[in-house]
Amino acid sequence: MSLDCGRKPDTGRTYTLHAQRAEMRQPCRLALRTLGLRRTHSCPNASTLDFVPASSPISSLALERMQDFISRSKRLFMITGAGLSTESGIPDYRSEGVGLYARTDRRPIQHAEFVRSASARKRYWARNYVGWPQFSSRLPNVAHLTLSGWEAQGKLHWLVTQNVDALHSKAGQRRLTELHGCAHRVVCLGCGALSPRQALQTRLGALNPGWAAEAGGVAPDGDVFLTDEQVQHFRVPSCEACGGTLKPDVTFFGDTVHRDTVGFIHERLAESDGVLVAGSSLQVYSGYRFLLAAREREIPVAILNIGATRADHLAALRVNARCGEVLPAILPL
């Protein structure tokens, strides 16, 4: 499920799952190239930090311990979550005081609801249509670029992200698995055809000429707040190949990650000698399971996150600080 799964890591090993899916996953790379994206990044400012919970500056002792942990690992395995992208101005669900759950009583769409209900799909795509220009234009921040640099220098063996925003790919990450898919792709539930999300934006605009709506607020993953009245007359296109239902190529809440993807990640974990979690509370089992596997394999774990996580009891080191503050300060020795 890597955005760049057509490229095999130069390790002498055949990555069967990625090779088989290489052709399928090219549309997302095409989508990013079509947008003319450059390898640049967003700098923290008042607006991009709106969704970052408050935290104290990291102490010199905590930074020294994190540096020691990273230095000891020669094949580092990483799991990143929404806390890495909040510094690019993308809200998350669970951050204390600023996450969606803290700000509103709204909850993300469930997989079963999307699949079964045409009205739910209309609401989803109308809101995503409004939110897409801002969401898709977000840039990787210094934490994303730091991790891409770690990969280039041979420190980072594999990175698993729970995010669907493509910011790791925009930063140049290659040894990457997008655990929950990528919002820059669209999949047909009928024939399985994949297409760039930007192409759907054009089709949605053509199908809804003159339709416009002002959002009442922003939510994670390109969602915004609209009323039922605002989306009442919105029209949603079908798959151009078979007429089937179109869905973002992401794992909605209530769905499961494909077992081939899970197996592939377990293989990369088994090749690693250290695990670093950055910006995730690990409340969702799809990511938490790899921390349980690391414990079984006696692979040391460090966690960098603002706030408690589900795996704190599994960590040899726990640092409560911003990813964008800590990661660039670490030397990939």
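Check the entry above for the structure.
Residues numbered from 1 in each chain as written. Predicted model: local features only at pLDDT ≥ 70, side-chain atom pairs only at ≥ 80, totals over all residues. Heavy atoms only, no water.

(A) Here's a closer look at the pattern of salt bridges. As enumerated under the stated definition, the model contains nine salt bridges in all. A salt bridge links Glu 178 to Arg 185, with the shortest nitrogen-to-oxygen separation between them at 3.6 Å. You can call Arg 185 buried: its relative accessible area is 0%. With a closest N to O distance of 2.9 Å, Asp 312 and Arg 318 form a salt bridge. Residues joined in a network through salt bridges with shared partners are Glu 178, Arg 185 and Asp 249. (Salt bridge = Lys/Arg side-chain N within 4 Å of Asp/Glu carboxyl O. Buried < 20%, exposed > 50% of the residue type's maximum accessible area, 1.4 Å probe, protein only.)

(B) Structural context of the packing of aromatic side chains. Within this structure, the stated rule accounts for nine aromatic pairs. Both rings, one in Tyr 129 and one in Phe 234, keep their centres 5.7 Å apart while their planes meet at 45 degrees; by these two values the pair is tilted. In this pair, Tyr 129 sits in helix 6 (residues 118–136) while Phe 234 sits in the loop between helix 10 (228–231) and strand 6 (246–250), placing the two residues 105 residues apart along the sequence. Between the aromatic rings of Trp 132 and Phe 135, the centroid separation amounts to 6.1 Å while the plane-to-plane angle is 50 degrees, which identifies the pairing as tilted. Here Trp 132 and its partner Phe 135 are both found in helix 6, three residues apart, which amounts to about one turn of the helix. For Phe 135, a relative accessible area of 5% translates into the label buried. Linked through ring pairs, Phe 114, Tyr 124, Trp 125 and Phe 252 together constitute an aromatic cluster. Across from the ring centre of Trp 132, 4.6 Å away, lies the NZ or CZ of Arg 197, which sits over that ring. The positively charged end of Arg 268 is found above the aromatic ring belonging to Phe 264, 4.5 Å away from the centroid. (Phe/Tyr/Trp six-rings, centres within 6.5 Å; stacked < 30°, edge-to-face > 60°. Helix = DSSP H or I, 4+ residues; strand = E, 2+ residues; numbered from the N terminus. Lys NZ or Arg CZ within 6 Å of the ring centre and 35° of its normal.)

(C) Up close: the pairing of strand 8 (residues 301–304). Burial along strand 8 is two-sided: Val 301 and Ile 303 facing one way and Ala 302 and Leu 304 facing the other are all buried. The pairing of strand 7 (residues 274–278) with strand 8 spans four bridges and is parallel. Bridge pairing links Val 277 to Ile 303 in strand 8. As for the winding sense of the linkage, the β-α-β connection from strand 7 through helix 12 (residues 285–296) to strand 8 is right-handed. As paired elements, strand 8 and strand 9 (residues 317–319) share three bridges and run parallel to each other. Bridging from a neighbouring strand, Ala 302 pairs with Leu 317 of strand 9. (Pairing = 2+ DSSP bridges. Right-handed = clockwise from strand over helix to strand, strands pointing away.)

(D) The arrangement of the sheet that holds strand 6 in detail. The three strands are arranged 5-4-6 in an open sheet whose pairing can be described as antiparallel. With partners counted over all chains shown, the strands left at the sheet margins are strand 5 (194–196) and strand 6, one partner each. Neighbour-to-neighbour, the strand axes of this sheet turn through a mean angle of 45 degrees, independent of strand direction. Across three bridges, strand 4 (residues 181–188) lies against strand 5 in antiparallel orientation. From the neighbouring strand, Val 187 faces strand 5, where its bridge partner is Leu 194. The strands touched by helix 6 within the sheet are strand 4 and strand 6, with strand 4 carrying the most contacts at an inclination of about 140 degrees. (Axes fitted to C-alpha atoms, helices over the stretch in contact; angles between N-to-C directions. Contact = heavy atoms within 4.5 Å.)

(E) Spotlight on helix 9 (residues 197–207). Restricting attention to buried positions, one finds in helix 9 the residues Arg 197, Leu 200, Gln 201 and Leu 204. Axial view of helix 9: buried residues confined to an arc of 110 degrees, hence all on one face. Among the exposed residues of helix 9, those oriented more than 90 degrees off its buried face are Thr 202 and Ala 206. Next to the buried residues of helix 9 lie helix 6, strand 4, strand 5 and strand 6. (Arc of directions from axis to C-beta.)

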